[in-house]
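Observations on the model geometry
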Amino acid sequence: MIEISHVDKWYGPSFQALRDCTTSVAKGEVVVVCGPSGSGKSTLIKCVNALEPFQAGEIILDGIKVNDPKTDLPKLRARVGMVFQHFELFPHLKIIENLCLAQEKVLGRSHDEAMAKAAKLLDRVGLKDHARKYPAELSGGQQQRVAIARALAMDPIAMLFDEPTSALDPEMISEVLDVMVDLAREGMTMMVVTHEMGFASKVAHRVIFMDQGEIVEDALKTDFFGSPRSDRAQKFLSKILSH
Amino acid sequence: MFANFDFDVIRRSLGYLFFDGMTFTLTLTGLGALGGLIFGTLIALMRLSGYRLLGRIAGLYVDLMRSLPLVLVIFWFYFLVPYIGQWVTGSSRPIRVGAFTSSLVTFILFEAAYFSEIMRAGIQSISKGQPAAASALGLTYAQSMRYVVLPQAFRNMLPVLLTQTIVLFQDTSLVYVLSIPDFLGAASKVAQRDGRLVEMYLFAAVVYFAISCFASFGVRRLQARIAIVR
Amino acid sequence: MNYHWNWSIFFEPAPNGTGTYLDMLLSGLLLTIETSLCAWIIALVFGAVVGVMRTLPSKAASRIGFAYVEFFRNMPLLVQLFIWFFVLPEIVPQDWGLWLKQMPHAPFYTAVIGIGLFMSARVAEQTRAGVNSLPRGQKMAATALGLTTAQTYRYVLLPMAFRIIMPPLTSEFLSTIKNTSVAITIGLIELTGEARAMQEFSFQVFEAFTGATVLYLLINIVVVVAMRFLERSIAIPGYITGK
């Protein structure tokens, strides 16, 4: 589904954000990407739907080359859902309108069709009663659930999560993770940048560990938690799990 | 396109344009900015003094000036200054005031309203701990303003103050309505005398543009340097 | 002060035969409002376009926007009006120039275009500031949903940016009204012009200017109150502007 091969990315002439990153995510697979801050994990996930350009290597998404100038990027992006750290709901639109905007403008669905879909998804994330509210009237956890619903409204073939719980107060993390766990169990292809190792051990198939722009470890979940091969991954895990 | 134009008229009038016109414009800009800054700072201090009445009066003055077009204010003071002069000197009839004095008074009092808003923002941007620290050292209110708060406010606001001065430089051209030979007035006089409107107005535009561009480039560089120091 | 006040002058007939002196001032007020509204439309349209150009990733677009702003910002408005009014008809092909010179209400149209373009540079700067003040993630989220750049601006960025810059736009509109008075130099007899005419006819200098001053204050109050209502009506529930 997602093939990442030999991707290099520089910011300016001197700082290399990604070094020769190669990995893949198969259909129906859930892959968690972790690593210390500044390790390039967010950058990598943003390269997948070309939100960040990269200089070398290639990424193929469902058979379409992302970094091909001929690729219709809006069309490609519309097929991959993305959830951001800071939710990024559109503050001037009601919750239901947030879910309808891209359905109508990008997919060309009729308003009624979009509304029906939006209502169904809001119900699914448990926020049916908030459809007519504005994002700022919701809690962080609720906003992030809306953001997931907004991405799902596009009927994506895969979902990208960029630290979906890092900006949340602790008591709101589980409500978002619950939605993600359900999604994983239904067989959604997911690439998730997160530090939530509980989530990883529950539903991930593979775990990727990144440091300084490199993929240091790319292992099955059981191997990663059982005996990570690299020192850096061990150190990172002990820091995260010791609390 | 410019075949029938006589650009030599510019060369012939350069002396008049710059020695008379531009000197007037720059002097008016410089003194107007200086006076406006001093009065503006006083007004800002009045507004922040905590004395209700004083603050109210200063606020009304600023709001009034900022609500009126500069052209109207220029007319106001052109006719009002002789009476103010009469009142100040106690003479029996309105005193005669030259074009320069009249426009200088106008610009100082008008710009003071704008400069005061900048200085007010500057003073408010200084953390409350600064005047507190100053009074803890035994400085009086006046001393803490003079030596601690105002220097910092002025420094922080310098780029904005200079940008406002560039606006003032352009606005001085409005004394044209009093037929005063500032730079534009001088250019206009030559233009009408020789029937060379196109050449003179284009030249005036180029000169204003060059000076303003150069000055705002300088302000941007200053801003970048201040940003690094901080 | 040996000045002879005569406040009843406003109700005496003016020598130009159009009614009282008060009528004179009021017709000036009307022209001021007409001119500034027309100029404001130009300022908003051009300013929004140029301001958006300055925020685009394209270097060329942002440079053109920069040049536009610098061009209109670094010349006194008075000089710009002279260029439009006296210079333009002479440097265009002869028959166009003739048409321009014979155009009825030339001072009005010149003022509208001259002041409109002058103010558009300032509206552009505000628009740019508004768009740049939005979190970077907003643009990313819209892009990730598959919206094109044009759609992103139209549906996501500009609706928020314009709400945020409402207060500075109000004061730019007030500047437009005030700047209308500069057009008396090209023969537009608006409010300041009528006050000046009243002073010349009646010799009641201070009554004339007081009348104009009061009317300007009234316009200011009306605009400020109206904009406050507008701001309130487009405010987003729960969202605090100027965080």
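Values in this document were obtained by computation on a predicted structure and should not be read as measured data. (Residues numbered from 1 in each chain as written. Chains lettered and ligands numbered in written order. Predicted model: local features only at pLDDT ≥ 70, side-chain atom pairs only at ≥ 80, totals over all residues. Heavy atoms only, no water.)

1. Quick look at the pairing of strand β10 (residues 214-220) of chain A
All names here are of chain A. Across six bridges, the pairing between strand β9 (residues 206-211) and β10 is antiparallel. Across the sheet, the residue bridging to Ile208 is Asp218, located in β10. A loop of two residues connects β9 with β10, the two strands running antiparallel in sequence, and Gln212 in this loop sits at a positive phi of about 50°. (Pairing = 2+ DSSP bridges. Helix = DSSP H or I, 4+ residues; strand = E, 2+ residues; numbered from the N terminus.)

2. Quick word on the confidence of the model for chain C
For chain C, mean pLDDT is 92; residues scoring 70 or higher make up 98% of the total. In the predicted assembly, ipTM is 0.91 and pTM is 0.88. (pLDDT = per-residue confidence, 0-100.)

3. Here we look at unusual backbone geometry
All names here are of chain A. In this structure, Phe87 is a non-glycine residue whose phi angle is positive, near 65°. Inspection of the secondary structure puts Phe87 in the loop between β6 (80-83) and α3 (95-105). The phi torsion at Gln212 lies on the positive side, around 50°, for a residue other than glycine. Within the fold, Gln212 resides in the loop between β9 and β10.

4. Focus on the pairing of β9 of chain A
Residues and elements named next belong to chain A. Counting buried positions along β9 gives six out of six residues, so the element sits mostly inside the fold. Judged by which residues are buried, β9 turns out to be covered on both faces: Arg206, Ile208 and Met210 on one side and Val207, Phe209 and Asp211 on the other are all buried. The pairing of strand β3 (residues 30-34) with β9 spans four bridges and is classified as parallel. Bridged to Cys34 within β9 is Phe209. (Buried < 20%, exposed > 50% of the residue type's maximum accessible area, 1.4 Å probe, protein only.)

5. Description of the packing of helix α1 (residues 8-48) of chain B against helix α6 (residues 141-171) of chain B
Residue and element names in this part refer to chain B. Two elements in contact, α1 and α6, have axes whose closest approach is 10 Å; the angle formed by their N-to-C orientations is 140°. If you check the angle between α1 and α6, you find them oblique. As α1 runs across α6, the sense of the crossing is right-handed. Contacts between α1 and α6 involve Met22, Thr25, Leu26, Thr29, Gly32, Ala33, Leu37, Thr41 and Leu45 on the former and, on the latter, Tyr141, Met145, Leu150, Phe154, Leu161, Thr165, Leu168 and Phe169. (Axes fitted to C-alpha atoms, helices over the stretch in contact; angles between N-to-C directions. Parallel < 35°, antiparallel > 145°, perpendicular 65-115°, else oblique. Left-handed = near helix turned anticlockwise from the far one by under 90°. Contact = heavy atoms within 4.5 Å.)

6. Observations regarding the interface of chain C and chain A
By a widespread convention, an interface's size corresponds to the accessible area lost as its parts come together. Contact residues are listed per partner, giving 23 residues for chain C and 24 residues for chain A. When the buried area of chain C at its contact with chain A is split by residue, Met140, Leu145 and Tyr155 of chain C rank highest and sum to 29% of it. Our count for the chain C to chain A interface comes out at zero salt bridges. Our enumeration of links across chain C and chain A arrives at five residue pairs in polar contact (both at pLDDT 80 or more). Those elements that provide at least two residues to the side of chain C that touches chain A are α6 (136-144) and α7 (149-164) of chain C. Of the residues assigned to the side of chain C that touches chain A, the class counts are 14 nonpolar, seven polar and two charged. (Buried area = accessible area lost by both parts, 1.4 Å probe. Salt bridge = Lys/Arg side-chain N within 4 Å of Asp/Glu carboxyl O. Polar contact = N/O pair within 3.5 Å; in protein donor to acceptor, adjacent residues only side chain to side chain. Nonpolar A, V, L, I, M, F, W, Y, C, P; charged D, E, K, R; others polar.)

7. Thoughts on the packing of helix α3 (residues 77-91) of chain C against helix α4 (residues 94-102) of chain C
Residue and element names in this part refer to chain C. Interaxial distance between α3 and α4 falls to 7 Å at its minimum, and their mutual angle equals 150°. With respect to α4, the element α3 is oriented roughly antiparallel. Residue-level inspection shows Leu88, Pro89 and Glu90 of α3 in contact with α4, the latter providing Gly97, Leu100 and Lys101. By residue class, the composition of the contact of α3 with α4 is three nonpolar, one polar and two charged.

8. Regarding the interface of chain B and chain C
Counting from both sides, the interface comprises 37 residues of chain B and, opposite them, 35 residues of chain C. Buried surface at the junction of chain B and chain C, summed over both partners, amounts to about 3,300 Å²; 76% is from carbon and sulfur atoms. The largest share of the area that chain B buries against chain C comes from Trp76, Phe79 and Tyr83 of chain B, three residues that together contribute 17% of it. Between the two partners, chain B and chain C, sit one salt bridge. The closest approach of N and O atoms between Glu70 of chain C and Arg220 of chain B, which form a salt bridge, is 3.7 Å. One can count six residue pairs in polar contact (both at pLDDT 80 or more) joining chain B with chain C. Mapped onto the side of chain B that touches chain C, the elements with two or more residues apiece are α2 (52-67), α3 (70-89) and α8 (197-229) of chain B. Class assignment for the residues of the side of chain B that touches chain C results in 27 nonpolar, seven polar and three charged.

9. With respect to the pattern of salt bridges
For the structure shown, the criterion picks out 27 salt bridges over all chains. Across the salt bridge formed by Glu163 of chain A and Lys41 of chain A, the nearest N and O atoms sit 3.7 Å from each other. Of this pair, Glu163 of chain A sits in the loop between β7 (158-162) and α6 (170-185) while Lys41 of chain A sits in helix α1 (residues 41-48), and the two are 122 residues apart along the sequence. Overlapping salt bridges bring together Arg220 of chain B together with Arg54, Glu70, Arg73, Glu125 and Arg128 of chain C as one network.

10. Considering the environment of Phe54 of chain A
Residues and elements named next belong to chain A. Within the secondary structure, Phe54 is located in the loop between α1 and β4 (56-61). The class of Phe54 is buried, set by a relative accessible area of 12%. Distance from Phe54 to Ala26, taken between C-alpha atoms, is 22 Å for residues 28 residues apart in sequence. If near-sequence neighbours (up to four positions away) are discounted, Phe54 is found in contact with Val7, Asp8, Lys9, Cys47, Ile59 and Asn67.

11. What about the packing of aromatic side chains?
Applying the stated rule across the entire model yields 28 aromatic pairs over all chains. On the basis of an interplanar angle of 50° and a centroid distance of 5.8 Å, the ring pair of Phe79 of chain B and Phe209 of chain C is categorised as tilted. Separated into two different chains, Phe79 of chain B in helix α3 and Phe209 of chain C in helix α10 (residues 205-233) make up a pair that spans both. Comparing Phe79 of chain B with Phe209 of chain C, the two get one shared label, buried. Their ring planes at 85° and their centres at 5.1 Å tell us that Phe85 of chain C and Phe86 of chain C sit as a pair that is edge-to-face. (Phe/Tyr/Trp six-rings, centres within 6.5 Å; stacked < 30°, edge-to-face > 60°.)

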